Amino acid sequence: MNQKEKRNHYIEAGYLLLSAFAILFVVSRSSLLYPCNDWNDANSYFSVGKGLFHGKVPYRDIFDQKGMYLYFFYGLAYLLSHTTFAGVFVLELVLAAADLLSIYRILSLYLKKDLALLLSPLPLAAAFASNSFYYGGSAEEICLPFLLAGFYLILRYFKEEYPEKAMDGKTLLFGGLLAGMVANIKFTVLGFFFAWMMCIAIAFLVKKDLKGAVKACGIFLLGMFVPFVPWILYFALQHALYDWYWGYVYINVFAYSNLNGEGPGLSERVYILAKLLYWVIRKNLCYFAFVIPGVLWYLLQGKKKRILPAVSMICLCFFLFLGIYVGGSELPYYALPLSVFTPLGFILLGKVLEWIYGLCKRQRENAQISAKAAKNMRHGTFLVCGAAILAIMEVLLCNLSMNFPFHKVKKEDHFLYKLAAVVEQEEAPTLLNIGCLDAGLYTVCDIVPTCQWFQTQTVIMDTVLSEQERYIREGQIQFVLARDSYPDVIFERYELAAEEDWTENGQDFTYYLFRRKD
């Protein structure tokens with residue numbers, strides 16, 4: 001690699017990293033712009049990740065129902081900062097940089113490199129400015145780099161290799177690795193990789209290579225198995241393999257969805273999904289305004305002898321959406337993986353810009369500008385355009401992100417820090433969170449959960465509330481944080497230590513902090 005190529009790589013890396021920081025600084029509550037990330041889900045992941053690095057076995061000792069790599073990544077973030085989300089912001093920054101790298105590669109398949117690089121931050125900004133990004137740190141956000149990398153691989157194959165060549169084993173293995181990572185973060189997003197491998201297998205079958213299709217599936221599954229190996233060994237050594245299955249698979253399928261035979265019938269489910277898609281699009285127009293025309297553009301590129309690329313795009317969209325929503329649950333951040341298709345809309349935009357640039361270039365050639373002057377103009381134009389894109393993007397993010405108004409909240413006014421002042425008066429306090437998922441007090445007070453149901457889960461199980469009442473009745477925990485309501489039995493062993501009102505997304509809550517009586 002010569003000096004010029006090295007310099008170009010440094011420029012690319014610097015631009016993508018700066019873009020990732022600029023986007024996340026505004027849209028994620030994990031950034032220093034905000035007093036804290038008070039999202040219950042993110043704090044729950046943080047507490048389980050913290051517990052993992054303190055010898056607690058997820059699902060068995062402390063319960064949450066996401067995948068192990070999510071908790072492992074959050075555990076690494078905890079090592080960077082015990083009582084803030086600064087480590088989570090670093091995690092998000094690394095993952096967002098990986099997002100941008102894949103987006104840049106996708107755009108480079110169809111556009112000139114300079115333009116692809118300039119446009120790369122915009123698809124991610126559109127996705128992260130939407131309501132589906134939520135507060136930052138979701139499992140869906142952690143899955144996105146793996147989805148985008150897989151999207152790049154299949155787009156590259158159908159553009160540069162199909163139908164002359166079959167997908168090589170190295171790419172199949174890497175695709176399987178990506179799928180395995182997603183399976184161990186949030187398996188409902190796996191519909192994307194199901195469609196991915198199905199379409200690659202069809203590419204073999206089109207060439208009447210059944211043996212090759214079977215072999216390709218085997219290589220993919222081998223790659224998918226690899227990310228499971230560390231956790232198989234971990235849970236086997238902890239004698240907790242069943243707890244892993246129970247907490248991550250059984251609970252999600254049978255206690256957190258309506259796939260157990262008690263949900264709606266087929267026709268009603270189709271109607272519900274169609275209606276849901278309509279509202280998902282409406283609520284996330286930030287990126288669907290690019291996804292829809294981008295997908296349509298891609299479908300229209302297909303030729304009669306190359307219909308499979310178009311079919312693959314339909315399958316990727318359909319199975320990703322189906323995997324996420326077929327269970328019947330719907331929350332704002334569930335839609336974020338659908339933003340994986342956003343780069344297609346910016347490819348279409350880039351094609352228009354290249355056409356305009358071509359007109360300008362012909363005018364410049366007619367004006368007989370020297371080659372050296374044209375080169376200097378190109379470099380200057382890139383710097384000006386890059387700075388302009390980042391500046392405009394930042395202004396738009398401040399106006400579009402649901403989180404930006406939260407920067408006005410002062411740390412000392414937040415209910416978490418008022419309650420923390422009470423808890424931190426005690427040495428090595430223990431805590432139970434009832435009435436909601438982890439409100440964040442475990443985080444700001446650096447408390448490791450000591451009981452399985454350390455927070456009130458939304459799973460359909462009577463066990464949660466009965467076990468929490470037992471903890472309270474037996475006085476196992478020093479502090480109990482309750483939201484809005486609490487069991488009457490609490491006054492047998494506890495006294496009210498503090499009470500704080502808080503408004504979140506237009507809803508009023510009251511948090512009660514109880515201290516165990518001596």
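Each value, and the rule that gives it
- Residues numbered from 1 in each chain as written.
- Predicted model: local features only at pLDDT ≥ 70, side-chain atom pairs only at ≥ 80, totals over all residues.
- Heavy atoms only, no water.
- Core = buried A, V, L, I, M, F, W, Y, C linked by side-chain atoms within 4.5 Å.
- Buried < 20%, exposed > 50% of the residue type's maximum accessible area, 1.4 Å probe, protein only.
- Helix = DSSP H or I, 4+ residues; strand = E, 2+ residues; numbered from the N terminus.
- Contact = heavy atoms within 4.5 Å.
- Phe/Tyr/Trp six-rings, centres within 6.5 Å; stacked < 30°, edge-to-face > 60°.
- Lys NZ or Arg CZ within 6 Å of the ring centre and 35° of its normal.
- Pairing = 2+ DSSP bridges.
- Axes fitted to C-alpha atoms, helices over the stretch in contact; angles between N-to-C directions.
- Parallel < 35°, antiparallel > 145°, perpendicular 65-115°, else oblique.
- Left-handed = near helix turned anticlockwise from the far one by under 90°.
- pLDDT = per-residue confidence, 0-100.
- Patch = residues over 30% accessible without salt bridge, like charges linked within 9 Å, V, L, I, M, F, W, Y side chains within 5 Å.
- Areas by Shrake-Rupley, 256 points an atom, 1.4 Å probe, with all protein chains shown as cover.
- Salt bridge = Lys/Arg side-chain N within 4 Å of Asp/Glu carboxyl O.

J.: Can you explain the nonpolar core? Please cite residues and give values.
T.: F151, W196 and L441 are the most contacted members of the largest nonpolar core, which totals 178 residues. Here the element with the most residues in this core is helix α7 (residues 139–160); it accounts for 15 residues. Aside from chain neighbours lying at most four places away, what touches L441 is L416, L419, A420, V423, L431, L481 and L513.

J.: How would you summarise the packing of aromatic side chains if you had to cite specific residues and measurements?
T.: Counted under the stated rule, the structure contains 57 aromatic pairs. The residue whose ring lies beneath K159 is Y110, and the NZ or CZ to ring-centre distance is 5.5 Å. Taking the ring centre of F509 as reference, the NZ or CZ of R483 above it sits at 4.2 Å.

J.: So, the sheet that holds strand β2 (residues 479–483): which residues are in play, and what are the values?
T.: If you trace the four strands from one edge of the open sheet to the other, you get β1-β2-β4-β3, paired in mixed fashion. Each having just a single partner strand, β1 (431–434) and β3 (494–504) make up the two edges of the open sheet. With direction set aside, neighbouring strand axes in the sheet form an average angle of 15°. Relative to strand β4 (residues 507–516), β2 runs antiparallel, the two being bridged by five bridges. Residue pairing across strands places V480 opposite F514, the latter belonging to β4. The sheet strands contacting helix α18 (residues 415–423) are β2, β3 and β4, and the helix crosses β3 at an angle near 165°.

J.: Which residues make up the packing of α7 against helix α8 (residues 169–183), and what are the values?
T.: Running from amino to carboxyl end, α7 crosses α8 at an angle of 155°, the nearest separation of the two axes being 9 Å. Here α7 lies roughly antiparallel to α8, going by the angle between them. Between α7 and α8 lies a crossing of left-handed hand. Of the residues in α8, those in contact with C143, F146, A149, G150, L153 and R156 of α7 are T171, F174, G175, L178, M181 and V182.

J.: Which residues make up the confidence of the model for the chain, and what values do they have?
T.: Averaged over the chain, the pLDDT score is 92; the fraction of residues at 70 or greater is 94%. In the model, residues 369–374 has pLDDT below 50 throughout and makes four contacts with residues more than four positions away in sequence or in other chains.

J.: Lay out unusual backbone geometry in plain terms, naming residues and giving numbers.
T.: Phi is mostly negative for residues that are not glycine, and the peptide bonds are mostly trans. With an omega dihedral of 0°, the bond running from Y162 to P163 counts as a cis peptide bond. For P163, the location among the structural elements is in the loop between α7 and α8. The backbone of Y59 shows a phi angle near 75°, a positive value even though the residue is not glycine. Relative to the elements of secondary structure, Y59 occurs in the loop between α2 (40–52) and α3 (68–80). On the basis of relative accessibility, which here comes to 0%, the residue Y59 falls in the buried class.

J.: Can you lay out the environment of F509 for me, pointing to particular residues and giving the numbers?
T.: Note that F509 resides in strand β4. Using a relative accessible area of 13% as the deciding quantity, one classes F509 as buried. Note: C-alpha distance between F509 and C143 (366 residues apart in sequence) is 31 Å. Beyond its immediate sequence surroundings of up to four residues, F509 is in contact with R483, D484, E500, D501, W502 and E504.

J.: So what about a nonpolar patch on the surface? Which residues, and what values?
T.: On the surface, a cluster of nonpolar side chains totalling about 510 Å² of accessible area is made up of L349, V352, L353, W355, I356 and L359. Its place among the elements puts L349 in helix α16 (residues 342–366).

J.: Could you give an account of the environment of A289, with specific residues and numbers?
T.: Topologically, A289 is positioned in helix α14 (residues 285–300). For A289 and P309, which are 20 residues apart along the polypeptide, the C-alpha to C-alpha distance reads 22 Å.

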